[in-house]
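Understanding the architecture of this molecule
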Amino acid sequence: MKTLFSCAILGASLCVLAPASAAEKGTAAEAVAMTQKAITYIKEHGKDKAFAEFANPANTTFHDRDLYVYVYDMKGISLAHGVNPKMVGRNLLEMRDGDGKAIVKSFIETATGPAGKGWVEYKWPNPVTKQVDLKAGYVERSGDLIVGSGIYK
């Protein structure tokens, strides 16, 4: 009986832990929603204020677990980045991941395509685990900007 009780407690604790582990990563729907909130914020408050908020880790609207916002112009210049301020102001059009994929060029191609939005897969450092993981970045065109967020797989 004691063994059965211990197994029941262990099983219950694993059920509680499983959702918490899954919650450590953002979802595709959350990345899309964050991108759309960022676009709305830019339109309502202007680029300067928006970009400052995207860079502010205390702003939980634009920083949630491994989700954050990034913004590029059509030439590939980083205008805002939620976790790496050293990228801001740099032309990253030719930046490639470890497999040689031109990340920002892919963002621009996707956002300037017929749909004006979509997903791009590439490898990128995860701000939570500090490991290079497969990432799917969701981007949308908003005027002369490419605004995005992404999920780690």
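Up top is the structure these notes are about.
All of the points below concern the structure found in this document. (Residues numbered from 1 in each chain as written. Predicted model: local features only at pLDDT ≥ 70, side-chain atom pairs only at ≥ 80, totals over all residues. Heavy atoms only, no water.)

Quick look at the nonpolar core
The condition that has to hold: Think of a nonpolar core as a cluster: buried Ala, Val, Leu, Ile, Met, Phe, Trp, Tyr and Cys residues, connected wherever their side-chain atoms sit within 4.5 Å. Accessibility here uses a 1.4 Å probe with only protein chains present; expressed as a share of the type maximum, an area under 20% marks a residue as buried, one over 50% as exposed, and anything in between as partly exposed. The helix count covers DSSP runs of H or I at least four residues long, the strand count covers runs of E at least two residues long, and both are numbered beginning at the N terminus. Whether two residues are in contact is decided by their heavy atoms: any pair within 4.5 Å suffices.
Core analysis: the largest hydrophobic core is formed by 18 residues, its most contacted members being Ile42, Phe51, Phe54, Phe62, Val69, Val71 and Val147. Of all the secondary structure elements, the ones that give two or more residues to this core are α2 (28–45), α3 (47–55) and β7 (145–152). Once residues within four sequence positions are removed from consideration, Val71 is found in contact with Phe51, Phe54, Ile77, Ser78, Leu79, Ala80, Leu145, Ile146 and Val147. Core analysis: the second largest hydrophobic core is formed by 16 residues, Tyr68, Met87, Leu92 and Ala111 among them.

Observations concerning the packing of aromatic side chains
Heads up, the condition is: Each pair of aromatic rings taken from Phe, Tyr and Trp, with Trp reduced to its six-membered ring, is defined by centres within 6.5 Å and is described as stacked if the planes are under 30 degrees apart, edge-to-face if over 60, and tilted in the remaining cases.
What the rule picks out here adds up to 10 aromatic pairs. A centroid spacing of 5.9 Å and a plane angle of 50 degrees characterise the contact between Tyr72 and Phe107, whose relative ring orientation is tilted. One end of the pair, Tyr72, is in strand β3 (residues 70–73); the other, Phe107, is in helix α4 (residues 103–111), with 35 residues separating them in the sequence. In this structure, Tyr72 and Phe107 share a single accessibility class: buried. Members of the aromatic cluster, connected to one another through ring pairs, are Tyr68, Tyr70, Tyr72, Phe107, Tyr122 and Trp124.

Shape is all these values report; function is a separate question.
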